[in-house]
Amino acid sequence: MARTESGFSRWGSLALVASTLLIVGCTGPSAVKPATAALAGYLSQEEVPDSMALVPAPPANGSAAFAQDEAVGKEARALRDTPRWTQAALDANLSFPEAADTFSCALGVPVTEHDSPRLYAMLRRMLLDAGHTTAAAKNHYARTRPFVTYSESTCSPGEESILRTNGSYPSGHTTIGWAWALVLTEAAPDRANAILARGRSFGESRLVCNVHWQSDILQGRFLGAALTARLHDNAAFHSDFEAAKGEIAAARAKGMKPTRDCSAEAAALSQKLKLVM
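To keep things clear, this report deals only with the structure shown in the data block. Given the structure is predicted, the values throughout are model-derived calculations rather than measurements.

Examining helix 13 (residues 262-269)
Taken as a whole, helix 13 has its buried residues at Glu265, Ala268 and Leu269. Around the axis of helix 13, the buried residues are gathered within 90 degrees of arc, so they sit on the same side. In this structure, the buried side of helix 13 is in contact with helix 4 (83-91), helix 5 (104-107) and helix 10 (192-208).

A few points about the side chain of aspartate 129
Here aspartate 129 is to be found in helix 6 (residues 117-141). No salt bridge is formed by the buried aspartate 129. Its closest oppositely charged neighbour is arginine 125, at 6.3 Å. Setting aside residues no more than four positions away along its own chain, aspartate 129 makes contact with Gly41, Tyr42, Leu43, Val48, Leu227 and Leu231.

Thoughts on the state of the cysteines
Enumeration over the complete set of coordinates arrives at two disulfides. A disulfide bridge connects cysteine 105 with cysteine 262, and the sulfur atoms are separated by 2.1 Å. An S-S torsion of about -90 degrees defines the bridge between cysteine 105 and cysteine 262 as left-handed. Highlighted residues: cysteine 105 in helix 5 and cysteine 262 in helix 13, separated in sequence by 157 residues. Cysteine 105 gets classed as buried once you look at its relative accessible area, which sits at 14%. In this model cysteine 155 forms its disulfide with cysteine 209; the gap between the sulfur atoms is 1.6 Å. Residues cysteine 155 and cysteine 209 share a disulfide whose torsion about the S-S bond is about 65 degrees; that sign makes it right-handed. Within this pair, whereas cysteine 155 is found in the loop between helix 7 (146-149) and helix 8 (160-163), its partner cysteine 209 is found in the loop between helix 10 and helix 11 (214-231), the two being separated by 54 residues in sequence. The pair cysteine 155 / cysteine 209 is uniform in exposure class, with both members buried. Here the disulfide map of the chain reads 1-4, 2-3, the bonded cysteines being numbered as they appear in the sequence.

The rules behind these values
- Residues numbered from 1 in each chain as written.
- Predicted model: local features only at pLDDT ≥ 70, side-chain atom pairs only at ≥ 80, totals over all residues.
- Heavy atoms only, no water.
- Buried < 20%, exposed > 50% of the residue type's maximum accessible area, 1.4 Å probe, protein only.
- Helix = DSSP H or I, 4+ residues; strand = E, 2+ residues; numbered from the N terminus.
- Arc of directions from axis to C-beta.
- Contact = heavy atoms within 4.5 Å.
- Lys, Arg positive; Asp, Glu negative; His and termini not counted.
- Salt bridge = Lys/Arg side-chain N within 4 Å of Asp/Glu carboxyl O.
- Disulfide = S-S within 2.5 Å.

This is the structure in structure tokens:
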């Protein structure tokens, strides 16, 4: 797996070369498998939300906010080796084509490159934009992840070596998960509650995985909203979004159903964190 040392800005640039590994940098997610065509994000480096300007410094050790982070983390780690832990491991995978299907149960239709190519491409391009959005703050604060602090394991053991060297704050997984949720809610408003709940649980999976603090998740959610707002001023995004709505409608008309085990996913996600905001 090809990696670089300096965050998403370089990791993402690899994806713009050709059929190579896409890495959502500094968020510490899994590598994205080579897709049929290399894509760029919708936004330039200058256009993405500035995480350094938008998020405060992470909670300081010994502060009340950090005590809350620790309390939520303890609760989340208690879900280790439960169905929720298994689901969190699945959510950690941002590889395509698997990641494209993250919201299929919430949408009620599968998301594939074959059946919904514009939706599939939109999700991939947003992934790059999310990485660029979080990179500045991640690199600047270089916050230590909880599994390193407590000398514990995660739900993605194969990623731990790179996660140790990448900043925890803010959460890149949460940023892209929430951005996807907001956009998909607009594309399928009748499924809004299910989609938004899935977006929230996608971010919370990072707590269960023991790779992020709660404050990482909260600021990631904020940046996901900021990114979504910024994308609405982009013509290429609008074009893909309108096409994606049509693809979702067409999949419904054909009676297509998700290929994921939606019952198992729902059961796993019913294990809620009580302390999380």
